[in-house]
Amino acid sequence: MKFGLIIQGPLLSIGRGVSSYKKKAETSENEIIKHQCDETIICNIENYGNLFEKIIISTWKDEKISKKLSEYIKSKNNVEIYQFSKSDVPELPKLKVPSSWSKEMSSIMNVNNNLNQYTGCKLGLVKLENVDFVIRVRTDQEINIQKLKEFIKKRDFEDSNREISPLTKAED
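In this text the structure is predicted, and so the values were computed from the model without any measurement.

This part is about the packing of helix H1 (residues 38-48) against helix H2 (residues 67-74). Put simply, H1 and H2 touch, their axes get as near as 10 Å, and they point 20 degrees apart. In terms of axis orientation, H1 runs roughly parallel to H2. Remark: the crossing between H1 and H2 carries left-handed chirality. Mapping the contact onto sequence places Asp38, Glu39, Ile41, Ile42, Ile45 and Glu46 in H1 and Lys68, Leu69 and Tyr72 in H2. When the residues that make up the contact of H1 with H2 are grouped by side-chain class, the tally is five nonpolar, no polar and four charged.

Below, the discussion takes up the pairing of strand S4 (residues 54-60). Buried residues dominate S4, accounting for six of its seven residues. Judged from the five bridges that link them, strand S1 (residues 3-8) and S4 form a sheet pairing that is parallel. Within the sheet, the bridge partner assigned to Ile6 lies in S4 and is Ile56. Both S4 and strand S5 (residues 79-84) contribute to a ladder of six bridges, which runs parallel. Across the sheet, Ile56 pairs through a bridge with Glu80, a residue of S5. Since S4 and S5 lie parallel, the crossover through H2 that links them has a hand, and here it is right-handed.

A separate point is the sheet that holds S5. Across the sheet, four strands lie side by side as S5-S4-S1-S6; this open sheet has parallel pairing. Two strands lie at the open edges of the sheet, namely S5 and strand S6 (133-138), each paired on one side alone. Neighbour-to-neighbour, the strand axes of the sheet open up by a mean angle of 20 degrees, direction not taken into account. Against the sheet, helix H5 (residues 145-154) contacts S1 and S6, and its axis sits at roughly 150 degrees relative to S6.

Counting buried positions over the six residues of S1 gives six, a clear majority of the element. Burial of the side chains of S1 extends over both faces: Phe3, Leu5 and Ile7 are buried on one face and Gly4, Ile6 and Gln8 on the other. Pairing analysis gives six bridges linking S1 to S6, with the strands arranged parallel. Opposite Ile6, over in S6, you have Arg136 as the bridge partner.

Before going further, it helps to examine the packing of aromatic side chains. Tallying each qualifying case throughout the model produces two aromatic pairs. A ring pair is formed by Trp60 and Phe84, whose centres lie 6.2 Å apart and whose planes are at 50 degrees; its orientation type is tilted. In this pair, Trp60 is assigned in strand S4 and Phe84 in strand S5, connecting sequence segments 24 residues apart. Each member of the pair Trp60 and Phe84 is classed as buried.

Note that soluble globular proteins tend to have their nonpolar side chains buried in a common cluster. Formed by 22 residues in total, the largest nonpolar core has its most connected members in Leu5, Ile7, Ile41, Ile45, Phe52 and Ile135. With four residues, H1 is the single largest residue contributor to this core. Leaving out residues up to four positions away in the same chain, Ile45 has contacts with Ile7, Ile55, Ile57, Tyr72 and Val79. Of all hydrophobic cores here, the second largest spans six residues; its members include Ile56, Leu125, Leu128 and Val134.

Within the chain, Asn130 stands out as a residue other than glycine whose phi angle is a positive 60 degrees. In this structure, Asn130 sits in the loop between helix H4 (114-127) and S6. When its relative accessible area of 65% is taken as the criterion, Asn130 is described as exposed.

What counts as what
- Residues numbered from 1 in each chain as written.
- Predicted model: local features only at pLDDT ≥ 70, side-chain atom pairs only at ≥ 80, totals over all residues.
- Heavy atoms only, no water.
- Axes fitted to C-alpha atoms, helices over the stretch in contact; angles between N-to-C directions.
- Helix = DSSP H or I, 4+ residues; strand = E, 2+ residues; numbered from the N terminus.
- Parallel < 35°, antiparallel > 145°, perpendicular 65-115°, else oblique.
- Left-handed = near helix turned anticlockwise from the far one by under 90°.
- Contact = heavy atoms within 4.5 Å.
- Nonpolar A, V, L, I, M, F, W, Y, C, P; charged D, E, K, R; others polar.
- Buried < 20%, exposed > 50% of the residue type's maximum accessible area, 1.4 Å probe, protein only.
- Pairing = 2+ DSSP bridges.
- Right-handed = clockwise from strand over helix to strand, strands pointing away.
- Phe/Tyr/Trp six-rings, centres within 6.5 Å; stacked < 30°, edge-to-face > 60°.
- Core = buried A, V, L, I, M, F, W, Y, C linked by side-chain atoms within 4.5 Å.

Structure (structure tokens):
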């Protein structure tokens, strides 16, 4: 079995974080986390890059790629970054945010990124050829991808189109 990896999401992740997850209405602006994802991306590739035929980092065109991440990607034969335009993605209704938040934070946190995420995954899939399965992680997630791959390999796939996660089979 040949595997591909999609690392999808922003390079600067802004959100509430799981350690203090509560409803937006109950969240103060100073609880919002800003996480530069370079180290997380590099760590996942360093630890698990050898498990994949190809790795696609899928993000938006307006995300700034740091010099460190750019040089790291260039040093890897199986890693490519793909940036797509948010203007190509239909806009979903804005999300409600607390009225106490600043205008700047409200404009960041009221965006519904679901279609951006789905589009990033789909466009990342298009870049993966000659793989049997695809694993997708977020740019701000550091997880044991090897355990996930081992789990997939142990499964009996009589029907090659059967899903075990939102993205498993790379097809056009």
